[in-house]
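Residue strings, one per chain:
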Amino acid sequence: MISDEEKQKIKAEIVDKINSVLEKNGESFRMDRVNVLNRSESVKFMGNYRVYERKNYNAVSSEINTFLKQYGDVDIKSKKIRDSGMKFTTVSFSFEL
């Protein structure tokens, strides 16, 4: 099992990287945190972010997915949302260490 210090470091790295990619691509959404689920044998990290400009989705998701895969096997799911006239793609991810 990894230490609390290591968990905090990983959470901060993920938030910083995702926010820098979103900012670089002109996206207004910013991620504020990554959730952690402590299991008996592992630690699961989970989070989500939004991409409002559909034309940016491929570039944003490609860069973020490449970054996340450094942590191992990552489960990534995306869904296009149309809510009250707003259109965006929400992306959820999770991985275990």
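Residues numbered from 1 in each chain as written. Predicted model: local features only at pLDDT ≥ 70, side-chain atom pairs only at ≥ 80, totals over all residues. Heavy atoms only, no water.

## Some thoughts on the pairing of strand S3 (residues 74-83)
Basically, it comes down to this: Only strands joined by at least two bridges in the DSSP assignment are considered to pair. What counts as a helix is a DSSP run of H or I of at least four residues, what counts as a strand is a run of E of at least two, and both are numbered from the N terminus.
Alignment of S3 against strand S4 (residues 86-96), held across 10 bridges, turns out to be antiparallel. Within the sheet, the bridge partner assigned to Ile76 lies in S4 and is Phe93. Between S3 and S4, which pair antiparallel and follow one another directly, the connecting turn spans 2 residues, one of which, Ser84, has a positive phi of 50°.

## Quick look at the nonpolar core
Worth spelling out the cut-off: We call a set of buried Ala, Val, Leu, Ile, Met, Phe, Trp, Tyr and Cys residues a nonpolar core when their side-chain atoms join them within 4.5 Å. Buried means the residue's accessible area, taken with a 1.4 Å probe over protein chains only, is under 20% of the maximum for its type, while exposed means over 50%, and partly exposed covers the values in between. Contacts were defined at the residue level, with two residues in contact if any of their heavy atoms lie within 4.5 Å.
Within the largest apolar cluster, 22 residues are counted, with the highest numbers of intra-cluster contacts made by Ile14, Ile18, Tyr49, Leu68, Phe93 and Phe95. Those elements that place two or more of their residues in this core are helix H1 (4-24), strand S2 (43-51), helix H2 (57-68) and S4. At 6 residues, H1 tops the list of elements feeding residues into this core. Ignoring sequence-local partners within four residues, the contact set of Leu68 consists of Ile14, Val74, Phe93 and Phe95.

That is the geometry; function is a separate question.
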